[in-house]
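Results of the structural survey
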Amino acid sequence: MRLSSRRSPGSKPGEGAGRGEVLLLAARPWFIWGSLLVALLVEFLPLGRHPWLPDVLAATLVFWAVHQPRRVGIGAGFLLGLLVDVQQGALLGEHALAYTLLAFLAVALHRRLLWFSLPQQALQVLPLFFAAQILEFIVRMATGGSFPGWSFFLAPVLQALLWPGLSWLLLAPQRRAPDTDQNRPL
């Protein structure tokens, strides 16, 4: 028997709890920060300056701000944003401001967001990614940057499409193996 860490959306308390849902183990701090470091290194890859490329670091930051809001939050978003600004040679604080906004919104919505399925979560985080992208756009335009093109607004859609796969990947180490002992369901 598998137990649920949360009720399924639309179900009443005690109704169908535990069917097909897995109890998640606690996330290890080294895994959280290691995944953010890997996402930061992916962000640092020399893939060129294509405005439509999804921001893997932003998606990972939102994921951990939703799932571990006490460990990853606004401060982590600001620090990671500064590192991206320095690496990309962008206006210092451009990504820091956007990542801080993302972390704040993710922490604010974290309880609500966890009730949805992964595709529904992707639709819920899409406005967060758009807000961060629009904030970056406003900062660039206010500082005299050139218009990046309409493909710039494709990146949040790609990040939202990346959400279910990223969630599955980052939750994989926390899933408990099915227990065959009928006397100990946990």
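Every chain's residues receive numbers from 1 upward, in the order its sequence appears when written. Per-residue local features are limited, in this predicted model, to residues with pLDDT of at least 70; the limit for side-chain atom pairs, both in listing and counting, is 80 or more; totals at the level of whole chains, interfaces and linings are taken over all residues. To get the side-chain values, all heavy atoms of the structure are used, and hydrogens and water are removed first.

Notes on the packing of aromatic side chains
Centre distance within 6.5 Å is the pairing criterion for rings of Phe, Tyr and Trp, where only the six-membered ring of Trp is used; planes under 30 degrees apart are then read as stacked, over 60 as edge-to-face, and the remainder as tilted. As enumerated under the stated definition, the model contains 10 aromatic pairs in all. Ring geometry for Phe137 versus Phe147: centroids 5.7 Å apart, planes at 85 degrees, classification edge-to-face. Of the two residues, Phe137 is situated in helix H5 (residues 118-142) and Phe147 in the loop between H5 and helix H6 (155-171); the sequence distance between them amounts to 10 residues. Each residue's exposure class comes from its accessible area (1.4 Å probe, protein chains only) as a fraction of the maximum for that residue type: buried when under 20%, exposed when over 50%, partly exposed otherwise. With relative accessibility at 39%, the residue Phe147 sits in the partly exposed group. Cluster of aromatic residues (ring-pair linked, three or more members): Trp30, Phe31, Phe63, Trp64 and Trp163. By definition, any uninterrupted DSSP run of H or I lasting at least four residues is a helix, any uninterrupted run of E lasting at least two residues is a strand, and each is numbered from the N terminus.

So, the confidence of the model for the chain
Summarising the model, the chain shows a mean pLDDT of 83, and 81% of its residues fall at 70 or more. Looking at any residue, its pLDDT shows the predictor's confidence there, from 0 to 100. When pLDDT is averaged over each helix and strand of the chain, the minimum, 93, is found for H5 and the maximum, 95, for helix H2 (residues 56-67). The low-confidence segment residues 1-19 (pLDDT under 50) makes 26 contacts with residues lying over four places distant or belonging to another chain. Working rule for contacts: check all heavy atoms of both residues, and any pair within 4.5 Å makes them a contact.

Details of the packing of helix H1 (residues 29-43) against H2
Angles run from 0 to 180 degrees between N-to-C directions of axes, and those axes are lines fitted to C-alpha atoms, restricted for helices to the stretch in contact. Relative to each other, H1 and H2 sit at 160 degrees, their axes nearing to 8 Å. Comparing their axes, H2 and H1 come out roughly antiparallel. Considering only the axes of H1 and H2, their crossing is left-handed. Residues Phe31, Ile32, Ser35, Leu36, Ala39, Leu40, Val42 and Glu43 of H1 touch H2, and the partners they reach there are Val56, Leu57, Thr60, Leu61 and Trp64. The residue makeup of the contact of H1 with H2, split by class, is 10 nonpolar, 2 polar and 1 charged. Roughly parallel means an angle under 35 degrees; roughly antiparallel means over 145; roughly perpendicular covers 65 to 115; every other angle is labelled oblique. Crossing handedness follows the turn of the near helix against the far one: under a right angle anticlockwise gives a left-handed crossing, and clockwise gives a right-handed one. Residue polarity follows a fixed list, in which Ala, Val, Leu, Ile, Met, Phe, Trp, Tyr, Cys and Pro are nonpolar, Asp, Glu, Lys and Arg are charged, and the others, Gly among them, are polar.

Thoughts on the packing of H2 against H5
When two helices pack together, you describe them by how their axes are tilted relative to each other and by the distance separating the axes. For the pair H2 and H5, interaxial distance at closest approach is 11 Å and the crossing angle is 125 degrees. When the axis of H2 is compared with that of H5, the two are oblique. Crossing of H2 over H5 shows right-handed handedness. Packed against H2, whose contacting residues are Ala58, Ala59 and Val62, the element H5 presents Val125, Leu128 and Phe129 at the interface.

What about a nonpolar patch on the surface?
Nonpolar side chains (Val, Leu, Ile, Met, Phe, Trp, Tyr) within 5 Å and like charges within 9 Å form the patches, drawn only from residues with over 30% relative accessible area and no salt bridge. The method behind every accessible area is Shrake-Rupley, applied with a 1.4 Å probe, and residues are considered shielded solely by the protein chains displayed. Salt bridge, as applied in this entry: a Lys or Arg side-chain nitrogen positioned within 4 Å of an Asp or Glu carboxyl oxygen. A cluster of nonpolar side chains, Val38, Val42, Leu45 and Leu47, forms an exposed patch at the surface whose accessible area comes to about 330 Å². As for its placement among the helices and strands, Val42 is situated in helix H1.

Concerning the side chain of Asp85
Mapping Asp85 onto the fold places it in helix H3 (residues 74-88). No salt bridge is formed by the buried Asp85; the nearest opposite charge belongs to Arg140, separated by 7.7 Å. N or O atoms closer than or at 3.5 Å make up a polar contact, with two conditions inside protein: a donor-capable atom paired with an acceptor-capable one, and, for residues adjacent in sequence, both atoms drawn from side chains. Within polar-contact distance, the side chain of Asp85 engages the side chain of His95 at 2.7 Å. Polar contacts involving the side chain of Asp85 include one to the main-chain amide nitrogen of Ala96, which spans 3.3 Å. If we ignore the near neighbours within four places in the chain, the residues touching Asp85 are Ala90, Leu91, Leu92, Gly93, Glu94, His95 and Ala96. All tallies of charge rest on Lys and Arg as positive and Asp and Glu as negative; His and the ends of each chain are not included.

Focus: H5
Taking 1.5 Å per residue, 25 residues should reach 36 Å; H5 reaches 36 Å between its end C-alpha atoms and fits that length. We define the bend at each residue as the angle formed by axes fitted to the 7 residues ending at it and the 7 residues starting at it. Val125 marks where H5 bends most, by close to 30 degrees; the proline Pro127 follows one to four residues later. Among the residues of H5, Gln121, Ala122, Val125, Leu128, Phe129, Ala132, Gln133, Glu136, Phe137 and Val139 are the ones counted as buried. Buried positions along H5 lie against H2, helix H4 (94-113) and H6. How far a helix is expected to stretch is found by multiplying one less than its residue total by 1.5 Å.

Comments concerning empty space enclosed by the protein
In this approach, a probe sized like a water molecule rolls over the atoms, and the result shows the empty space that is left. Cavity and pocket criteria rest on a 1 Å grid covering protein atoms alone: a 1.4 Å probe that fits but cannot get out defines a cavity, protein on both sides within 12 Å along at least 5 of 7 lines defines an open pocket, and an atom within 4 Å of a point defines a lining residue. Grid points are joined across faces, edges and corners, and a volume is the space filled by probe spheres set on the points. Here the structure, examined in full by the defined rule, presents 2 cavities of 30 Å³ or more. Elements supplying a minimum of two residues to the lining of the second largest cavity: H4 and H5. Considering every element that reaches the lining of the second largest cavity, the biggest residue donor is H5, with 4 residues. Across the lining of the second largest cavity, the residue classes break down as 6 nonpolar, 2 polar and 2 charged.

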